[in-house]
Amino acid sequence: MPATRSVRASTRRRALAEAPVSKQQAQDVLGKQMSPTATLKSTFAVTKRSNARSGAAMKPAKAKTASSFIATKGVLHRSTAAPQIVGRESEQMAIRNFLQATVEQGRGGSMYISGNPGTGKTACLQALIKQSSVDFTSVLVNCVPLTRPGQVYAAVLNALNVKVKSADSALTDLEKHVFRKGRAFLVILDEVDSLLGTRQEVLYRLFELAAHPNSRLALVGIANALDLTDRFLPRLQARNCEPLLLNFNPYQVNDIVAILQSRLDSVASSMATEPLIQKAALELCARKVAATSGDLRKALDVCRQAMEAAEAEHKRKSLAQVGDKENGAAPATASSPKVTIMHIAKVLTNLNGSPTAQKLNSLNFQQKLVLCAYVFLTGAANTGTPSK
């Protein structure tokens, strides 16, 4: 039998070579006699190319998700400037009118902006300065690290790129610069209430310089105290140097939601994706923050930490799906990563603690002393130990 099969195969090849057939027909005939090994190799190559194409299709999706997480966390940082000022229409109008009446007209003047931390005082002012149609110099000076009066004047001059001979002559140098001919300039004193006390005379002098008819100094003081000028600077009113007063009230729920949503939309529009935080989660965060302090910075911190928790959860699920594929199990359907109410609630619980701890933290120093005395006396009475 083997000899017969060999003769038949050789006869078939000889007839195929002699017959006038096309090349495609010859390949079809010989293809039927391919070995099983060659067939497996061809099939494996096709499968490998298919897997490579599917992996290449999945990589951009993962990279896009990671980029969305990074970009969203970036806009939720405190130091990140908002793409636009949302709300605060009346406050924006007051600041814009002040800039137009003073520095844009080449004149001096002063304004005092008050409000709780995180109400957008500095951010709103800086955004309106950038929007101004007139080019003028503006500098920001933080008053907290300045411990002596001469340091305050020197810090203002250094910010204006004016050489200072010494701290003792800084006031004289500043006066010369203020009354020199030229364009008006804007000086922003942040945390100006830190200058009260031994350095209080500095505030009097600066506001008086800004109120002078020939001054080119436009001065804006920013602090948390609402009644700083009435309680600590009564002499300004007596000398007709009282600044314009503007107060920033704490943010309400709708304000916080609108600001957070605008930041998320800026990322979603630039990356052609949906916002990564659910609307209900934003509202929960806004309600909790507005009920306590109205501090926008706290809302940003809560959303950023919730975003980090959602990102870690998404990575764990992705690794679990990879493990299921390697084990041959059917992977679960991957859902788009989102920050949900559960993420926000968990972060708020970690930040605020229990309701009892929140109430204790809200007590002032005298109330805490009374509470400590009560606990001490109650414990002494229960143990029978005489109190000293």
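Please refer to the structure placed before this passage.
In this text the structure is predicted, and so the values were computed from the model without any measurement.

**Student:** Got a minute to help me understand the nonpolar core in this structure?
**Tutor:** In a soluble, globular protein the nonpolar side chains are often hidden away together inside. L174, V187, L189, L206, L217 and L219 are the most contacted members of the largest nonpolar core, which totals 34 residues. Taken together, the elements giving at least two residues each to this core come down to β2 (137-142), α6 (149-159), α7 (170-179), β3 (185-190), α8 (200-211) and β4 (217-223). In terms of residue count, α8 provides more of this core than any other element does, seven residues in total. L260, C285, A299 and A306 belong to the second largest nonpolar core, which has 29 residues in total.

**Student:** Please clarify how the pairing of β3 should be interpreted in this entry.
**Tutor:** Consecutive residues of a regular strand have side chains that alternate between opposite faces of the sheet. Within β3, six of the six residues are buried, leaving the element largely enclosed by the surrounding structure. Neither face of β3 is left uncovered, since the one carrying F185, V187 and L189 and the one carrying L186, I188 and D190 both have all their residues buried. Judged from the six bridges that link them, β2 and β3 form a sheet pairing that is parallel. Across the sheet, N142 pairs through a bridge with D190, a residue of β3. As paired strands, β3 and β4 are joined by six bridges and run parallel to one another. If you follow F185 over to β4, its bridge partner there is L217.

**Student:** In this structure, what is going on with α8? I would like to understand it.
**Tutor:** The first and last C-alpha atoms of α8 sit 17 Å apart over twelve residues, in line with the 16 Å expected at 1.5 Å per residue. Counting buried positions over the twelve residues of α8 gives nine, a clear majority of the element. In the core, the buried residues of α8 are packed alongside β1 (109-115), α6, α7, β3, β4 and α10 (234-238).

About the thresholds
Residues numbered from 1 in each chain as written. Predicted model: local features only at pLDDT ≥ 70, side-chain atom pairs only at ≥ 80, totals over all residues. Heavy atoms only, no water. Core = buried A, V, L, I, M, F, W, Y, C linked by side-chain atoms within 4.5 Å. Buried < 20%, exposed > 50% of the residue type's maximum accessible area, 1.4 Å probe, protein only. Helix = DSSP H or I, 4+ residues; strand = E, 2+ residues; numbered from the N terminus. Pairing = 2+ DSSP bridges. Expected span 1.5 Å × (residues − 1). Contact = heavy atoms within 4.5 Å.

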